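Working through the structure, step by step
For reference, the chains in residue letters:
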There are 2 protein chains.
Amino acid sequence: MKEGPDIAQIGSLIGDPARANMLTALTGGKALTATELAGTAGITLQTASSHLSKLEAGGLIAQRKQGRHRYFTLADDDVGLMIEGLMGFAAYRGFTRHRTGPKDPALRKARVCYNHLAGDYGVRMLDSLVAEEVIAGVGDKLQLTPSGEGKMTALGIDLPALVRSRRPVCRACLDWSERRSHLSGSLGQALLTLFLDKGWARREPDSRAVRFTGTGEKEFARLFPLPAPSAVERHDQHTVEA
Amino acid sequence: MKEGPDIAQIGSLIGDPARANMLTALTGGKALTATELAGTAGITLQTASSHLSKLEAGGLIAQRKQGRHRYFTLADDDVGLMIEGLMGFAAYRGFTRHRTGPKDPALRKARVCYNHLAGDYGVRMLDSLVAEEVIAGVGDKLQLTPSGEGKMTALGIDLPALVRSRRPVCRACLDWSERRSHLSGSLGQALLTLFLDKGWARREPDSRAVRFTGTGEKEFARLFPLPAPSAVERHDQHTVEA
DNA sequence: GCGATGCTTCGGTTACGGTCGAAGTATGAA
DNA sequence: TTCATACTTCGACCGTAACCGAAGCATCGC
């Protein structure tokens, strides 16, 4: 009856608590089976199956058969960004389920956001990359600078492969704990993979939390030095003095 | 039962078609009465009243009594950004209600996004501001540059007043039709107000569309020249050649 | 082949929420 | 005061969808 896109369908997909729990779980980035998702949502397998088919019909998740298991993931980066965006809004508005659990500090420090690094460390990494002029851009469209391409390649990142992936290489994703942007896109994913592969960090078993090892902390600080408290830091109060 | 913010509550608020219609209508930026909102949603006044109180309890809208009317608006910029973000996601995924109506081209060209300019013109304006180094920044955190402050003041914008408003001055908002960022925040609002006050553009009666006058077009082109097709334009395919 | 596991489909129950009619409150106009 | 408009509250109806038990497929291991 009205012009424009229909947000109600998406809203109602996310609006059910069971489905919201599943989506939140999938934001962890790992592919999960129907049984696991039923567990995290606290419902039986039959009910979960029904929810999952609805989410798939809505294009929010994708499934992949492997043996007798069905692994579910978020459909793509866009879904992850949207969910993370909603979580940011919800967190800021005080829509929380469990008044900051015990794992909360670890989650705020460093966590997985679908396939890249988020939390304090994620935000610091992007701040540093911008300060070092590895990345430039405006809005959610970011770009590698020519000098940045060199630095990333030196780190062992296969840039041509990232470009070939046909997904945006750099992208800004709003962090729900920091309310600042961190790096998403295929480069964001590649960097997280790098940390994990090098053994600098590892994922907590049943959580989105990422724990850095001792050398991991050092390497992170070396690769992504914090800029002196500058333009990037003070974001809300602007330079315009009244 | 799980950590993190609760997206289900917000989802279910938006998930009802009637409420979604109301929110979409309010994205137009004008304050609307309960009766008007009931009309756009296609429901009776009683039902609308119930929906509106739910939306208000959820913090998505605010009301202001004036005489015997109650005017409703979105609660703040954050809500507008979230809704617009969802609309972008929905549009990209093909969740549309009415297969691109007749007003659609006008909407894509220039429209109101809560309180600032969106659509092709909104995106072009931000592109130009960045190319002219009036605005710089990364992610959704943008900043006026010192030279930019001068230019905006010269345009007749009261920067100290914007700062006093305690809202972010510059902010990136994802455009659902262009899938690029445009300028939000109090500066974005001030610029749209400027266009309307100067008579360069006016709002269509019952739509979010904004129509520029002849001189408005010229002034817009003069104030916000398009950068030569450069880094800002080609955003998805990166400079890295395979 | 057989049983076990992982998941889907079917059927029936239940409950929540959207809906409207009718009545009630508040503001303004005459 | 009286009537009209703008809106809310109450109560009842009804449809949808979430939910689970049971049965049905598919795949793996043996």
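Residues numbered from 1 in each chain as written. Chains lettered and ligands numbered in written order. Predicted model: local features only at pLDDT ≥ 70, side-chain atom pairs only at ≥ 80, totals over all residues. Heavy atoms only, no water.

**Section: the sheet that holds strand 3 (residues 69-74) of chain A**
Residues and elements named next belong to chain A. With respect to topology, three strands assemble into an open sheet ordered 1-3-2, the strand pairing being antiparallel. Strands at the two margins of the open sheet, each flanked by one partner only, are strand 1 (32-33) and strand 2 (61-66). With six bridges joining them, strand 2 and strand 3 adopt antiparallel strand pairing. Paired with Lys65 across the two strands is Arg70, which belongs to strand 3. (Pairing = 2+ DSSP bridges. Helix = DSSP H or I, 4+ residues; strand = E, 2+ residues; numbered from the N terminus.)

**With respect to helix 7 (residues 120-131) of chain B**
Between the first and last C-alpha of helix 7 of chain B there are 16 Å, a value that for 12 residues agrees with the 16 Å anticipated at 1.5 Å per step. Buried residues of helix 7 of chain B: Tyr121, Gly122, Val123, Met125, Leu126, Asp127, Ser128 and Leu129 of chain B, and no others. (Expected span 1.5 Å × (residues − 1). Buried < 20%, exposed > 50% of the residue type's maximum accessible area, 1.4 Å probe, protein only.)

**Points about unusual backbone geometry**
For residues that are not glycine, phi is negative in most cases, and the peptide bond is trans in most cases. All names here are of chain B. Although it is not a glycine, Tyr114 sits at a positive phi angle of roughly 65°. Within the fold, Tyr114 resides in the loop between strand 4 (111-113) and strand 5 (116-118). Taking the relative accessible area as the measure of exposure, Tyr114 reaches 14% and is therefore buried. Its identity as a non-glycine residue notwithstanding, Glu133 has a phi of 60°, on the positive side. Its place among the elements puts Glu133 in the loop between helix 7 and strand 6 (135-138). According to the relative accessible area criterion, Glu133 is exposed, its value standing at 57%.

**With respect to the pattern of salt bridges**
Applying the stated criterion across every chain, the model contains 24 salt bridges over all chains. We note a salt bridge from Arg93 of chain B to Asp76 of chain A, for which the minimum N-O separation is 3.3 Å. Taken together, the positions of Arg93 of chain B in the loop between helix 5 (77-92) and helix 6 (104-109) and Asp76 of chain A in the loop between strand 3 and helix 5 (77-92) put the pair across two chains. Taking the relative accessible area as the measure of exposure, Arg93 of chain B reaches 23% and is therefore partly exposed. One salt bridge connects Glu219 of chain B with Arg222 of chain B, and the closest N-O pair in it is separated by 2.7 Å. (Salt bridge = Lys/Arg side-chain N within 4 Å of Asp/Glu carboxyl O.)

**A word on the protein's contact with DNA strand C**
Surrounding DNA strand C, one finds 21 residues, the nearest of these being Thr35 and Ser49 of chain A together with Gln46, His51 and Lys54 of chain B. The sugar-phosphate share of atoms of DNA strand C within 4 Å of the protein amounts to 68%. A distance of 2.9 Å is found between a phosphate oxygen of DNA strand C and a side-chain nitrogen or oxygen belonging to Arg19 of chain B. A distance of 2.7 Å is found between a phosphate oxygen of DNA strand C and a side-chain nitrogen or oxygen belonging to His51 of chain B. Elements with a contribution of two residues or more to the surface near DNA strand C: helix 3 (34-41), helix 4 (45-57) and strand 3 of chain A together with helix 2 (17-26) and helix 4 (45-57) of chain B. Per-element tally for the surface near DNA strand C: the top contributor is helix 4 of chain B, with four residues. In terms of residue class, the surface near DNA strand C is made up of four nonpolar, 10 polar and seven charged. (Near = heavy atom within 4 Å. Polar contact = N/O pair within 3.5 Å; in protein donor to acceptor, adjacent residues only side chain to side chain. Nonpolar A, V, L, I, M, F, W, Y, C, P; charged D, E, K, R; others polar.)

**Observations concerning the protein's contact with DNA strand D**
Near DNA strand D you find 20 residues, and of these Gln46, His51 and Lys54 of chain A together with Thr35 and Ser49 of chain B are the closest. Those atoms of DNA strand D that come within 4 Å of the protein belong to sugar or phosphate at a rate of 69%. Take Gln46 of chain A: an N or O atom from its side chain is 2.5 Å from a base nitrogen of DNA strand D. Contacts to DNA strand D include Lys54 of chain A, whose side-chain N or O atom sits 2.5 Å from a phosphate oxygen. The set of elements that each furnish at least two residues to the surface near DNA strand D consists of helix 4 of chain A together with helix 3 (34-41), helix 4 and strand 3 (69-74) of chain B. The element best represented in the surface near DNA strand D is helix 4 of chain A, accounting for four residues. Of the residues contributing to the surface near DNA strand D, the split by class is three nonpolar, 10 polar and seven charged.

**Overview of the pairing of strand 9 (residues 181-184) of chain B**
Residues and elements named next belong to chain B. Across four bridges, the pairing between strand 8 (residues 171-174) and strand 9 is antiparallel. Across the sheet, the residue bridging to Arg171 is Ser184, located in strand 9. Between strand 8 and strand 9, which pair antiparallel one after the other, the connecting turn spans six residues, and Arg179 there sits at a positive phi close to 55°.

**What to know about the packing of aromatic side chains**
Inspection of the entire model under this criterion finds 16 aromatic pairs over all chains. Between Phe195 of chain B and Phe224 of chain B, the ring centres sit 6.1 Å apart and the planes meet at 80°, which makes this aromatic pair edge-to-face. On the criterion of sequence distance, the pair formed by Phe195 of chain B in helix 10 (residues 185-197) and Phe224 of chain B in the segment after helix 11 (214-223) is long-range, its members being 29 residues apart. Residue Phe195 of chain B is classed as buried on the basis of its relative accessible area, which comes to 1%. Residue class for Phe224 of chain B comes out buried when judged on its relative accessible area of 5%. Put simply, the rings of Tyr121, Phe195, Trp200, Phe212, Phe220 and Phe224 of chain A pair up and form one aromatic cluster. Above the face of the Tyr121 of chain A ring, Arg124 of chain A is positioned so that its terminal group lies 4.8 Å from the ring centre. (Phe/Tyr/Trp six-rings, centres within 6.5 Å; stacked < 30°, edge-to-face > 60°. Lys NZ or Arg CZ within 6 Å of the ring centre and 35° of its normal.)

**Overview of the sheet that holds strand 1 (residues 32-33) of chain B**
Residues and elements named next belong to chain B. The three strands are arranged 1-3-2 in an open sheet whose pairing can be described as antiparallel. Single-partner strands in this sheet number two, and they are strand 1 and strand 2 (61-66). Sheet analysis places strand 1 next to strand 3, joined by two bridges and oriented antiparallel. In the strand pairing of strand 3, Leu32 is matched with Phe72.

**Some words on the confidence of the model for chain A**
The pLDDT averaged across chain A works out to 84; a share of 88% of its residues lies at or above 70. Per-element averaging of pLDDT across chain A places helix 6 (residues 104-109) of chain A at the bottom with 78 and helix 1 (residues 7-15) of chain A at the top with 95. (pLDDT = per-residue confidence, 0-100.)

**Some details on the nonpolar core**
Core analysis: the biggest nonpolar cluster contains 62 residues, and Ile61 of chain A together with Ile61 of chain B have the highest contact counts within it. Aside from chain neighbours lying at most four places away, what touches Ile61 of chain A is Leu23, Leu26, Leu52, Leu55, Glu56, Phe72, Thr73, Leu74 and Ala75 of chain A. (Core = buried A, V, L, I, M, F, W, Y, C linked by side-chain atoms within 4.5 Å. Contact = heavy atoms within 4.5 Å.)

**Describing the packing of helix 3 of chain B against helix 4 of chain B**
Residue and element names in this part refer to chain B. Packing of helix 3 against helix 4 leaves a shortest axis separation of 9 Å and a crossing angle of 105°. With respect to helix 4, the axis of helix 3 lies roughly perpendicular. On helix 4, the residues touching Ala34, Thr35, Leu37 and Ala38 of helix 3 are Leu45, Ala48 and Leu52. A per-class count over the contact of helix 3 with helix 4 returns six nonpolar, one polar and no charged. (Axes fitted to C-alpha atoms, helices over the stretch in contact; angles between N-to-C directions. Parallel < 35°, antiparallel > 145°, perpendicular 65-115°, else oblique.)

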